[in-house]
Amino acid sequence: MPKPDRVQREVVSYVRRSARMNASQTKAWDTYAQRWVVEVPARETSTSIAAEASVDWTSTFGREAPLIVEIGPGRGESLVALAERRPDCNIVAFEVFVPAVASTLSRIARHGVDNVRIVVANGEEGLALLVPPAGLHELWTFFPDPWHKARHHKRRLVSTELADLAASRLEPGGLWRLATDWSDYADWMRETLDAHPAFENLHGGWAPRWDERPVTKYEARGVAAGREIHDLTYRRRP
Ligand SMILES: C[S@@+](CC[C@H](N)C(=O)[O-])C[C@H]1O[C@@H](n2cnc3c(N)ncnc32)[C@H](O)[C@@H]1O
């Protein structure tokens, strides 16, 4: 099991929390981590990735297939449901919160999907270091942490820097699908990505709700609180 961190050096889109797992998460981790969690060498914090790290996804999945990345799947509600619908894709999820990864492992086992692998690390580093240029078919970021306060906006996952990186990793025509229940973050996503020269807003505005995406705890909570859900889809220009 990864050890808690002592140091934090960069501005990241998450808070390091106690990684204490409950009994069923511990059991899931012990039973399935070896099968579906891909270990990569870290730098000084457990969620970082060493510059020399690399993963051969074809041999990890045992097949060559279009690669999809999800950053921040949480308990894997969307990840596993969408993986079931994409049996012909290799899906890699980067999640920093170990108990959530353990819950995802249970869900993968329950649903019997085998086209998912999880890396316990910062997805921005994962995208940069473990995905080759133009090697990505789709990128998914659903309900990322909103970081409401202006002084925390620099922590938001969706940024011009991530867009630059996503543009370099997505294949021409590749899609970046996003969703949020916070309208100010939705506007921020639009402002950031509509302005990015490498991306085309596929629907010219808000996307219709992606009906393959299940309603997760975060979406349900937003709806219950009266918030509107915004979906967005961007296409990497050729
Ligand atoms: C608000 S939750 C949403 C979970 C899930 N996408 C859903 O819709 O239910 C955001 C998740 O993103 C993870 N996260 C935030 N920044 C991340 C990063 N840079 N890399 C990997 N995971 C990240 C958090 O640990 C958390 O589990």
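Just above, that's the structure.
What this report covers is the structure whose coordinates are included nearby. (Residues numbered from 1 in each chain as written. Predicted model: local features only at pLDDT ≥ 70, side-chain atom pairs only at ≥ 80, totals over all residues. Heavy atoms only, no water.)

**Structural notes on the overall build of the protein chain**
No. 1: Of the regular secondary structure elements, the protein chain holds eight helices and seven strands.
No. 2: Against the globule reference of 18 Å for 238 residues, the protein chain gives a C-alpha radius of gyration of 17 Å, in line with a compact fold.
No. 3: Dimensions of the protein chain along its principal axes, counting C-alpha atoms only, are 45 × 40 × 35 Å.
No. 4: Relative to its 238 residues, the protein chain shows a buried fraction of 50%.
No. 5: Accessible surface, the protein chain: about 11,400 Å² in total, of which carbon and sulfur atoms supply 50%. (Helix = DSSP H or I, 4+ residues; strand = E, 2+ residues; numbered from the N terminus. Rg over C-alpha atoms; globule rule 2.2 N^0.38 Å. Buried < 20%, exposed > 50% of the residue type's maximum accessible area, 1.4 Å probe, protein only. Areas by Shrake-Rupley, 256 points an atom, 1.4 Å probe, with all protein chains shown as cover.)

**With respect to the site of the ligand**
No. 1: The environment of the ligand is formed by 21 residues, the closest being Ser13, Gly72, Glu95, Gly123 and Phe142.
No. 2: Within the backbone of Phe142, a nitrogen or oxygen atom sits 2.7 Å from a nitrogen atom of the ligand.
No. 3: At 3.3 Å from an oxygen atom of the ligand is found a side-chain nitrogen or oxygen belonging to Thr216.
No. 4: Compared with its free state, where it exposes 600 Å², the ligand has 96% of that area covered by protein.
No. 5: Residues that form the shell around the ligand fall into these classes: 11 nonpolar, six polar and four charged. (Near = heavy atom within 4 Å. Polar contact = N/O pair within 3.5 Å; in protein donor to acceptor, adjacent residues only side chain to side chain. Nonpolar A, V, L, I, M, F, W, Y, C, P; charged D, E, K, R; others polar.)

**Side note on the sheet that holds strand E6 (residues 199-201)**
No. 1: Ordered in space as E3-E2-E1-E4-E5-E7-E6, the seven strands form an open sheet in which the pairing is mixed. What marks the edges here is a single partner per strand, and that holds for strand E3 (116-119) and E6. For this sheet the average axis-to-axis angle between neighbouring strands, irrespective of direction, equals 20 degrees.
No. 2: With three bridges joining them, E6 and strand E7 (residues 230-236) adopt antiparallel strand pairing. Bridge pairing in E7 links Phe199 to Arg236.
No. 3: Of the strands in this sheet, strand E1 (67-71), strand E4 (136-142), strand E5 (170-180), E6 and E7 touch helix H6 (residues 160-169), which is tilted by about 140 degrees from E5. (Pairing = 2+ DSSP bridges. Axes fitted to C-alpha atoms, helices over the stretch in contact; angles between N-to-C directions. Contact = heavy atoms within 4.5 Å.)

**Some points on the side chain of Asn201**
No. 1: Secondary-structure assignment places Asn201 in strand E6.
No. 2: Within polar-contact distance, the side chain of Asn201 engages the side chain of Asp194 at 3.1 Å.
No. 3: Leaving out residues up to four positions away in the same chain, Asn201 has contacts with Arg190, Asp194, Leu232, Thr233 and Tyr234.

**Describing the pattern of salt bridges**
Side-chain pairs of opposite charge can arise whenever the charged atoms involved come near each other.
No. 1: Taken as a whole and assessed by the stated rule, the structure comprises 14 salt bridges.
No. 2: When the shortest N-O distance is used, the salt bridge between Arg209 and Glu219 registers 2.8 Å. Here Arg209, found in the loop between E6 and helix H8 (217-224), pairs with Glu219, found in helix H8; they are 10 residues apart in sequence, far enough to count as distant.
No. 3: Since its relative accessible area comes to 34%, Arg209 is described here as partly exposed.
No. 4: Linking Arg213 and Glu219 is a salt bridge whose minimum nitrogen-to-oxygen distance equals 2.8 Å.
No. 5: The class for Arg213 is buried, based on a relative accessible area of 1%.
No. 6: For Glu219, a relative accessible area of 4% translates into the label buried. (Salt bridge = Lys/Arg side-chain N within 4 Å of Asp/Glu carboxyl O.)

**Thoughts on the pairing of E3**
No. 1: Here E3 shows two buried faces, one formed by Val116 and Ile118 and the other by Arg117 and Val119.
No. 2: Here strand E2 (residues 90-94) pairs with E3 via four bridges, running parallel. Counterpart to Ala93 in the pairing with E3 is Ile118.
No. 3: For the crossover from E2 across helix H4 (residues 98-111) to E3, the handedness is right-handed. (Right-handed = clockwise from strand over helix to strand, strands pointing away.)

**Points about the environment of Val158**
No. 1: Tracing the sequence through the fold places Val158 in the loop between E4 and H6.
No. 2: Since its relative accessible area comes to 0%, Val158 is described here as buried.
No. 3: For the pair Val158 and Ser168, spaced 10 residues apart in sequence, the C-alpha separation works out to 15 Å.
No. 4: Look past the residues within four positions of Val158 in its chain and what remains in contact with it is Trp176, Leu178, Tyr185, Trp188, Met189 and Leu193.

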